[in-house]
Structures are given as C-alpha cells and as structure tokens.
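For reference, the chains in residue letters:
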Amino acid sequence: MYCLTFKIRPTAAMTFRILPGSILNIATYPFVPPTTLSGFLRRLAMLSHGLDLPETTINKNKPPYYTLPRHCVTLGAYPVNKAYRGVHRTYRKGMRSFNHDTFSRLYVEKGENFQLHTWEYFITDELVGYVVSESQSSLESLSNLESFGCKLGKEGFAVIEEVSSIIKLQREKISAHPSTIVPMEALLKENNFVNGCDIYNLYRYDWSINEQIDNGIGLLDQERSRFACATASPINGFIPFVAAYYPKESEPLPTLEFYTDGIINIPTSLVNLLSGEKVNA
C-alpha cells in the first residue's frame, strides 16, 4: 500500500458539522472527516489544472458529488500532536427558515427577529491528511497541490503547505496509536479495550455499482484526467458508520492490523470500509 500525507494549514476556525444533529445546535467533529477531505482535494486538483470550482446547490433531489477516484482512499485529516487544538462553542444569529434572508442584509430594520444558534468551531494550527492507494502512479497525480487552497467543511478555509513523497506502507498486526479514525466494528472484533477514544457517527460514500475499483497501474494519463475533469463522481449518497478517534496516545494501545511504516499507523479496516469492502476483509 502507498500513502501520501498533506500538511494542511487552516486560515481560520472551521466547522465540520456532525449529522444528524439539531438545527439550533451545530456541533463539529474535531478532525476533517474522510468525505470532506476527499471533496477538498478533488477541488484543489481541479484548480491545479486550471478548472473552475464546481457550483454547489442545496435541496436538490440528487446533488452532484466531486471526490477523488474510488481507489484513492481518502482517510481524513487530523491535528498533529504538537499543534494546538480545541473546540470553541458560541452563539450566532441566523435565519428562522429557508426563505428568511434578512440576517444577511447590510441594513436591518429595528426589531427584526433572528434565530439564535449554538455553534461550534474547531480551531487548530496544523492538520495532516492521508490518502492511500495500491497504485503509486495514482498518488503521483496529487503531488502538485502545494500552495493551493479553498473552502474546507461547512465553515473554514485551508491551504496545502506541503505534500510528502510517496510512502510505502507494510501490513502488520501491532499495538499502536492510530493515525486516523478506527471503525468500531474492527475494535470490537479484535476484543480491544475501548479506552482513551471518542466515538462518532460518520458517513462514507455509497459508490455506484458501475464504478469499478481500478488499481490504476499503467493508466497515469487516464488517472490525471479523472482528477482534473469537471465530471461529477459516480456516488449515490452516503452510508453511516461508527468510528473511534484517539486524540492522544494513551494506554492500552489498540491491537489491530495496520498499514504502517513505524510512524504512520492506518487501520486496514478503515481502508477496506471506505473503499466499499467489508471491515473484516
């Protein structure tokens, strides 16, 4: 397995909304979910090839999705150990309903009634994102994204400061601090004592059955066109799953099968799940 890491610099506070959730209480994940990072990197790839960012429209019956190809498995982005991280909770005024637009006007009449939201912002100095693939050539198409940036999440913007060289990972069963989230099914299957982690509901892509998993070997020109084209990805929607997040290294460390180089520890179960395979495959 091959891996690219991305050093990501946020330009402000961010919100990655936890769904399902309340309309009045907007909570955030303390990391960038895999689906969010996939859309972010796809848009940067489009920018790097001179294309415009795709328009997004809410309340469509079948909205388009723009993601990395299925065999480039995007695993999310997480605060580095040395970086500050925290979630700030505050209040902000918003619309009472979908057709209420007074809150965004430059001049507001006295006595206008707003909806008061509780809103969470995730604040950190630096994130590291992970993308893995069985094809080294596929990852080469993402190596030119340094200095590109755009909107990230529901609230926030970020810039890619550095892209690593391609890293070769080996498959081993070890006790280690996971670099990413871990599917709960994999933790429980290996009888791990759940300690020092936070539990979150997340979502993965429901890929179209017409989208074949292709390792991309020998298809570099075709892969570059798939990263850079303006065509929406073949995705039907989202599938929920439950995952554990270890914000800090704590004992006992989970014992799992990882893709690892001794520093990066990516659960094989997460790669299988996000690529549409079974967790215990």
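Everything that follows concerns the structure shown earlier in this document.
Further remarks concern the sheet that holds strand β13 (residues 235–245). With respect to topology, 3 strands assemble into an open sheet ordered β11-β13-β12, the strand pairing being antiparallel. The two strands at the open ends of the sheet, each matched to only one other strand, are β11 (182–183) and β12 (198–207). Sheet analysis places β11 next to β13, joined by 2 bridges and oriented antiparallel. Considered in β13, the bridge of V182 is made with A244. Sheet contacts for helix α1 (residues 34–48): β12 and β13; angle to β12, the most-contacted strand, approximately 50°.

Among the structural elements, N265 can be located in strand β15 (residues 265–267). The buried category is assigned to N265, whose relative accessible area is 8%. Engagement of the side chain of N265 in a polar contact is seen with the backbone oxygen of H177, the distance being 3.3 Å. If we skip the residues at most four places from it in the chain, N265 touches I174, A176, H177, P178, S179, T180, F258, Y259 and T260.

Our next topic: the pairing of strand β1 (residues 2–10). Note that β1 and strand β9 (residues 167–168) share 2 bridges and pair antiparallel. Across the sheet, residue C3 finds its bridge partner in β9, namely I167. Examined bridge by bridge, β1 and strand β8 (residues 157–163) share 5 bridges and lie antiparallel to one another. By the bridge assignment, P10 is partnered in β8 with A158.

So, how was this worked out
Residues numbered from 1 in each chain as written. Predicted model: local features only at pLDDT ≥ 70, side-chain atom pairs only at ≥ 80, totals over all residues. Heavy atoms only, no water. Pairing = 2+ DSSP bridges. Helix = DSSP H or I, 4+ residues; strand = E, 2+ residues; numbered from the N terminus. Contact = heavy atoms within 4.5 Å. Axes fitted to C-alpha atoms, helices over the stretch in contact; angles between N-to-C directions. Buried < 20%, exposed > 50% of the residue type's maximum accessible area, 1.4 Å probe, protein only. Polar contact = N/O pair within 3.5 Å; in protein donor to acceptor, adjacent residues only side chain to side chain.

Note that all results are geometric; they support no functional claim without further evidence.
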